[in-house]
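What follows is the residue order along each chain.
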Amino acid sequence: MTSFAANVTYDHRALVIDGQRRVLISGSIHYPRSTPEMWPDLIQKSKDGGLDVIETYVFWNIHEPVRNQYDFEGRKDLINFVKLVGKAVLYAHIRIGPYVCAEWNYGGFPLWLHFIPGIEFRTDNEPFKAEMKRFTAKIVDMIKQENLYASQGGPVILSQIENEYGNGDIESRYGARAKPYVNWAASMATSLDTGVPWVMCQQPDAPAPTINTCNGFYCDQFKQNSDKTPKMWTENWTGWFLSFGGAVPYRPVEDIAFAVARFFQRGGIFQNYYMYHGGTNFGRTSGGPFIATSYDYDAPLDEYGLIRQPKWAHLKDLHKTIKLCEAAMVATDPTITSLGSNIEASVYKAGSQCAAFLANFGTQSDAAVNFNGNSYHLPPWSVSILPDCKNVAFNTAKINSVSTISTFVTQSPEADASGGSLSGWTSVNEPVGISSDNAFTKTGLLEQINTTADKSDYLWYSLSVTVKNDEPFLQDGSETVLHVESLGHVLHAFINGKLSGSGKGNSGNSKVTIEVPITLVPGENKLDLLSVTVGLQNYGAFFDLKGAGITGPVQLKGFKNGSIIDLSSKQWTYQVGLKGEELGLSNGGSSLWKSQTELPTNQPLIWYKANFDAPAGDTPLSMDFTGMGKGEAWVNGQSIGRFWPTYTASNGGCTDSCNYRGSYNSNKCLKKCGKPSQLLYHIPRSWLKSSGNVLVLFEEMGGNPTKLSFATREIQSVCSRVSEAHPLPIDMWDLEDDARKKAGPTLSLECPHPDQVISSIKFASFGTPQGTCGSFSHGRCRSGHALSVVKKACMGSKRCNLGVSIDVFGDPCIGVTKSLAVEASCT
């Protein structure tokens with residue numbers, strides 16, 4: 001591994017590494033949300049995208065599932081991940097927390113912590129502090145043992161203790177014991193003697209020497225709590241997380257670039273993308289409740305590790321531009337002046353070094369700006385960066401990079417030449433109600449998390465109800481209604497072994513109430529209620545005390561005669577988990593699997609198993625869960641996560657194209673309204689053998705697994721659109737002034753795969769083309785030569801460059817700023 005041999009300190013202007021102040025660009029990649037086989041590629045693509053630092057949380061609950069029993073294997077191999085970051089000659093920021101939030105189950109805390117006598121989380125509480133210190137010290141010691149801190153010649157330049165405790169009203173709700181806890185956490189961390197600084201994000205009262213940092217969509221207005229610390233941004237949200245039942249959020253890259261440029265314009269020095277690669281919530285790791293299995297986050301590297309264009313490339317150009325300004329930025333604070341309404345200039349000047357940022361943070365109109373005797377044009381909600389205080393190298397609103405249209409191509413469920421068909425279906429019925437020797441009886445209704453300790457999503461509540469012939473429920477044909485109230489998250493009611501009704505909460509309110517008409521018979525009736533969690537709460541003050549399960553009342557109501565029988569305080573029998581979980585059916589073993597002439601479908605509580613060969617190729621693979629209801633899926637014994645394709649997003653609130661101008665929020669840009677929140681589920685290629693793979697599904701609500709199919713990611717088009725008003729490509733910045741003017745704006749096209757070439761030009765127009773990649777159209781003004789010029793320059797090449805000028809294409813409309821738009825295919 002490369003030796004970094006660094007002394008890391010900080011001052012008011014920057015982190016200081018081996019005596020040098022640095023401007024640092026960072027990105028979050030969470031090691032358990034991808035596979036070790038994916039890590040080197042993710043890290044390399046991050047480096048290629050211009051990152052200096054990889055940031056990750058450390059997830060306590062996966063590392064210590066049982067107290068004092070540790071697991072750092074496979075996807076949990078933190079040390080290997082950090083070593084790979086170092087091997088790529090990148091720095092690492094390890095956010096130990098150990099509370100992480102992260103839309104991760106229980107905020108990253110192991111559930112056993114909850115059962116320690118007298119414990120209270122995240123406050124001045126001795127049992128909690130003892131456990132928090134023990135785990136934090138364990139992680140620090142592991143990093144030290146491998147010489148991974150920069151002070152030992154390793155890549156780790158920063159660590160974080162606690163997480164967003166000072167956010168909103170969280171700290172204040174812990175009252176008088178909050179401040180002593182913050183001070184204790186800071187001193188505990190610094191006493192571990194890592195030789196690198198500690199940060200506390202969103203912590204305005206972070207005590208020295210810890211550094212308070214900012215999280216949010218924008219951090220340009222962030223003020224440090226000390227003039228001795230640098231201005232740092234630990235989470236710039238590149239999108240937002242997906243919830244089951246929600247539409248898919250995305251964030252335009254022009255807005256992200258604007259936010260980053262504004263941060264550096266106003267004195268920022270360290271910026272981290274949350275997420276740079278989001279990945280997948282495998283198994284039962286998603287929190288929430290209701291956080292989906294995909295954690296794509298609209299990040300520059302998508303869930304599957306593929307480059308998302310134009311987001312990745314536009315930010316790469318931004319990073320190159322900011323690095324051109326580094327020498328001036330680290331030397332001094334910016335001088336900030338107003339040049340008019342919503343117009344701001346910042347200048348970093350030290351000796352011969354000069355860099356300037358010009359911002360138009362209005363949302364409506366372009367601005368013509370006079371600066372240093374020159375005139376500059378600023379689109380709304382944009383920042384122009386001038387690394388020499390004179391020439392514009394980059395404008396956040398002008399994308400000068402390739403965009404792509406990619407899609408998952410679904411393969412037919414029937415057999416095909418490439419393999420990938422599911423065959424040999426067998427099934428096992430999950431018993432309704434109590435089937436385990438571990439069942440127990442208690443008076444009254446139990447809260448679910450305290451009962452299951454999150455060993456399973458499932459808890460059965462079972463009761464026998466005896467109905468006499470003269471009961472009002474059986475007279476006059478009166479219908480009975482079963483009324484159940486639950487803290488969440490999902491509830492299924494079975495009467496005499498048959499599903500009578502279900503209910504579900506949502507990400508805004510996890511509580512469930514059902515009122516279902518039921519038919520009771522004279523004599524004994526079996527009432528079985530299956531309560532289901534979908535990831536435990538991960539955020540908020542006292543989030544660990546947020547309950548789940550059926551807390552009542554549970555009532556029988558006479559529909560016509562109004563009589564009510566309350567069953568809440570009866571003797572209930574409980575079973576934690578499913579019989580199939582106890583038997584280990586997810587591994588595909590067991591002699592219970594039965595093949596039937598007709599596979600049972602569209603029935604609740606069924607386990608399914610099938611065999612398949614790995615689909616051909618090495619492109620990322622997913623499974624299309626069309627036809628299934630809700631449950632969990634395993635491939636060769638490894639869980640690909642919870643599936644829930646029947647939970648669709650509401651119809652309102654989506655936009656085809658989202659205006660990046662103006663402040664972003666998590667509901668501003670949404671797609672896939674009225675559609676399943678998640679239909680495709682990632683199957684890592686490294687989990688597969690060439691043949692003889694086993695898929696196991698547990699279907700909770702009812703579905704048809706024969707409709708399942710594999711899908712592979714295919715790039716359909718590469719596009720680019722550049723105007724005469726664009727800066728020239730940042731790679732040409734080093735040219736002399738005359739050569740730069742001659743070069744001018746340039747459109748580049750490049751095939752995404754090394755072995756592809758441009759095989760067709762689907763569209764080319766020079767003039768005033770309209771639309772976006774995949775839907776370009778000619779404007780009123782257009783050159784007659786565009787298609788032939790582009791074909792000649794690009795066909796058969798992996799990459800081509802075209803000058804965007806009237807010298808190349810002629811002038812179809814004098815006095816109008818013209819653009820070149822091209823869509824091509826690669827094969």
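Residues numbered from 1 in each chain as written. Predicted model: local features only at pLDDT ≥ 70, side-chain atom pairs only at ≥ 80, totals over all residues. Heavy atoms only, no water.

## Here's the deal with the side chain of Thr451
Heads up, the rule is: Each helix is a run of DSSP H or I of at least 4 residues and each strand a run of E of at least 2, with the numbering of both proceeding from the N terminus. Under the rule applied, a polar contact is a pair of N or O atoms within 3.5 Å (in protein, one hydrogen donor and one hydrogen acceptor; residues adjacent in sequence only if both atoms are side-chain atoms). Only heavy atoms matter for contacts: two residues are in contact if any of them lie within 4.5 Å across the pair.
Looking at the secondary structure, you find Thr451 in helix H10 (residues 448-452). A polar contact is formed between the side chain of Thr451 and the backbone oxygen of Glu447, at a distance of 2.5 Å. Beyond its immediate stretch of four places on either side in the chain, Thr451 contacts Phe440, Leu446, Leu459 and Val576.

## Remarks on the state of the cysteines
Using the following cut-off: Cysteine sulfur atoms are paired as a disulfide whenever they come within 2.5 Å of each other.
What the rule picks out here adds up to eight disulfides. The disulfide that involves Cys654 links it to Cys673, with 2.0 Å between the sulfurs. Taking the torsion about the sulfur-sulfur bond, which here is approximately 90°, the covalent link between Cys654 and Cys673 counts as right-handed. You can see Cys654 sitting in the loop between strand S35 (638-643) and strand S36 (670-671) and its partner Cys673 sitting in the loop between S36 and strand S37 (680-683), a full 19 residues away along the chain. For Cys794, the disulfide goes to Cys800, at an S-S distance of 2.0 Å.

## Quick look at the packing of aromatic side chains
Short version of the rule: Centres within 6.5 Å make a pair out of two Phe, Tyr or Trp rings, where for Trp the six-membered ring is used; the pair is then stacked when the planes are under 30 degrees apart, edge-to-face when over 60, and tilted otherwise. Only protein chains enter the accessibility calculation, which uses a 1.4 Å probe; a residue is then buried when its area is under 20% of its type maximum, exposed when over 50%, and partly exposed in between. Lysine and arginine charges are scored as sitting over a ring when NZ or CZ, respectively, is within 6 Å of the ring centre and within 35 degrees of the ring normal.
For the structure on display, the rule yields 56 aromatic pairs. Centroid distance Tyr295 to Tyr297: 5.2 Å. Interplanar angle 55°. Geometry classified as tilted. The buried category is assigned to Tyr295, whose relative accessible area is 1%. In this structure Tyr297 comes out as buried when scored by relative accessible area, which is 4%. Of note, Arg251 hangs over the ring of Tyr218, and the distance from its end group to the ring centre comes to 5.3 Å.

## Remarks on the layout of surface pockets
Quick note on the threshold: Put plainly, a pocket is an open set of points on a 1 Å grid over the protein atoms alone with protein on both sides within 12 Å along at least five of seven lines, a cavity is a set where a 1.4 Å probe fits but cannot get out, and a lining residue has an atom within 4 Å of a point. Grid points are joined across faces, edges and corners, and a volume is the space filled by probe spheres set on the points. Residue type decides the class: Asp, Glu, Lys and Arg count as charged, Ala, Val, Leu, Ile, Met, Phe, Trp, Tyr, Cys and Pro as nonpolar, and the leftover types, Gly among them, as polar.
Approximately 1,400 Å³ is the volume found for the second largest pocket. What lines the second largest pocket is a set of 49 residues, and nearest its centre among them are Lys45, Ile307, Gln309, Pro752 and His753. Looking at the lining of the second largest pocket, the elements that each hand over two or more residues are helix H1 (39-48), helix H8 (311-324), S37, strand S39 (709-723), strand S40 (746-750) and strand S42 (799-803). It is H8 that provides the largest number of residues to the lining of the second largest pocket, a total of five residues. Grouping the constituent residues of the lining of the second largest pocket by class yields 21 nonpolar, 14 polar and 14 charged.

## Quick notes on the pairing of S40
Cut-off, in case you're wondering: A pair of strands is treated as paired once DSSP finds two or more bridges between them.
Taken across its five residues, S40 has four buried, putting it largely inside the fold. Two strands pair when backbone bridges link them, and S40 and S42 are joined in this way by five bridges, in the antiparallel orientation. If you follow Ser748 over to S42, its bridge partner there is Asn801.

## Details of helix H7 (residues 253-265)
Worth spelling out the cut-off: Helix span is expected to be 1.5 Å times the residue number reduced by one.
Between its terminal C-alpha atoms H7 stretches 18 Å, which fits the 18 Å expected from 13 residues at 1.5 Å a residue. The buried count for H7 comes to 13 of 13 residues, which makes it a mostly enclosed element. Looking one or two places after H7, you find Gly267, whose phi comes out positive at around 100°.

## Structural notes on the UniProt feature "domain: SUEL-type lectin" (unreviewed entry) in the protein
Here is the rule: UniProt positions are given in the numbering used here, feature names are shortened, and annotations may be inferred rather than shown by experiment.
UniProt tags residues 741-827 as "domain: SUEL-type lectin" (unreviewed entry). What you have in residues 741-827 is 18% helix and 32% strand, and the ends, taken at the C-alpha atoms, are 35 Å apart.

## As for H1
Think of an α-helix as turning once every 3.6 residues; residues three or four places apart then point the same way. Put simply, the rule reads: Each direction from the helix axis to a C-beta atom contributes to the arc, which is the arc of those directions.
Every buried residue belonging to H1 is among Trp39, Leu42, Ile43, Lys45 and Ser46, and all of these are buried. Buried residues along H1 cover an arc of 165° about the axis, so they all sit on one side. Residues of H1 that are buried make contact with strand S4 (24-29), strand S5 (53-57), helix H3 (78-87), strand S12 (270-277) and H8. Where H1 ends, the next residue or the one after it, Gly50, has phi of about 100°, a positive value.

## Quick word on the environment of Arg22
By the element assignment, Arg22 lies in strand S3 (residues 20-22). A C-alpha to C-alpha distance of 44 Å links Arg22 and Gly815, two positions 793 residues apart in sequence. Contact partners of Arg22, with chain neighbours within four places excluded, come to Ala14, Leu15, Ile17, Asp52, Tyr91, Ile269, Lys323, Glu326 and Val330. For Arg22, the side chain forms a polar contact with the side chain of Glu326, separated by 3.5 Å.

## What to know about the sheet that holds strand S15 (residues 353-360)
This is how the line gets drawn: Structural elements are reduced to axes, namely lines fitted to C-alpha atoms, with helices fitted over the stretch in contact, and the angle between N-to-C directions of any two is expressed from 0 to 180 degrees.
Reading across the sheet, the five strands line up as S13-S14-S15-S18-S19 and stay open at both edges, with antiparallel pairing between neighbours. Single-partner strands in this sheet number two, and they are strand S13 (335-340) and strand S19 (394-395). Bridging between S15 and strand S18 (residues 382-386) involves five bridges; their strand directions are antiparallel. By the bridge assignment, Ala356 is partnered in S18 with Leu386. Seen against the sheet, H7 touches strand S14 (343-350), S15 and S18 and runs at an angle of roughly 130° to S15.

## Comments concerning the packing of H7 against H8
Just so we agree on the cut-off: Working definition: roughly parallel below 35 degrees, roughly antiparallel above 145 degrees, roughly perpendicular at 65 to 115 degrees, and oblique for all remaining angles. Each crossing is labelled by how the near helix is turned from the far one, with a counterclockwise turn of less than a right angle marking it left-handed and a clockwise turn marking it right-handed.
Where H7 meets H8, the closest approach of the two axes is 10 Å, and the angle between their N-to-C directions is 15°. Relative to H8, the element H7 lies roughly parallel. The handedness of the crossing between H7 and H8 is right-handed. Residue-level contacts link Val253, Ile256, Ala257, Val260, Ala261 and Phe264 of H7 to Lys311, His314, Leu315, Leu318 and Ile322 of H8. Each residue belonging to the contact of H7 with H8 can be placed in one class, and the counts come to nine nonpolar, one polar and one charged.

## Digging into the sheet that holds strand S29 (residues 550-558)
Pairing in this open sheet of four strands is antiparallel, and the strands run S27-S24-S29-S30 from one edge to the other. Of all strands in the sheet, those with a lone pairing partner are strand S27 (512-518) and strand S30 (564-566), marking the two edges. Neighbouring strand axes in the sheet, compared pairwise and without regard to direction, differ in orientation by 20° on average. Examined bridge by bridge, S29 and S30 share three bridges and lie antiparallel to one another. If you follow Gln555 over to S30, its bridge partner there is Asp566.

## Some remarks on the pattern of salt bridges
If the charged atoms of two oppositely charged side chains come close together, the side chains can form a pair. Going by this rule: Criterion for a salt bridge: a side-chain nitrogen of Lys or Arg within 4 Å of a carboxyl oxygen of Asp or Glu.
Per the stated rule, a full pass over the model turns up 37 salt bridges. Its salt-bridge partner being Asp298, residue Arg308 comes within 3.3 Å of it at the nearest N-O pair. With Arg308 in the loop between S12 and H8 and Asp298 in the loop between S12 and H8, this residue pair connects regions lying 10 residues apart in the sequence. Residue Asp528 is joined to Lys526 by a salt bridge in which the shortest nitrogen-to-oxygen separation is 3.1 Å. Looking at Asp528, the relative accessible area reads 2%, which means it is buried. Overall, the relative accessible area of 31% leaves Lys526 in the partly exposed class. Residues participating in the shared-partner salt-bridge network are Glu64, Arg67, Glu131 and Arg134.

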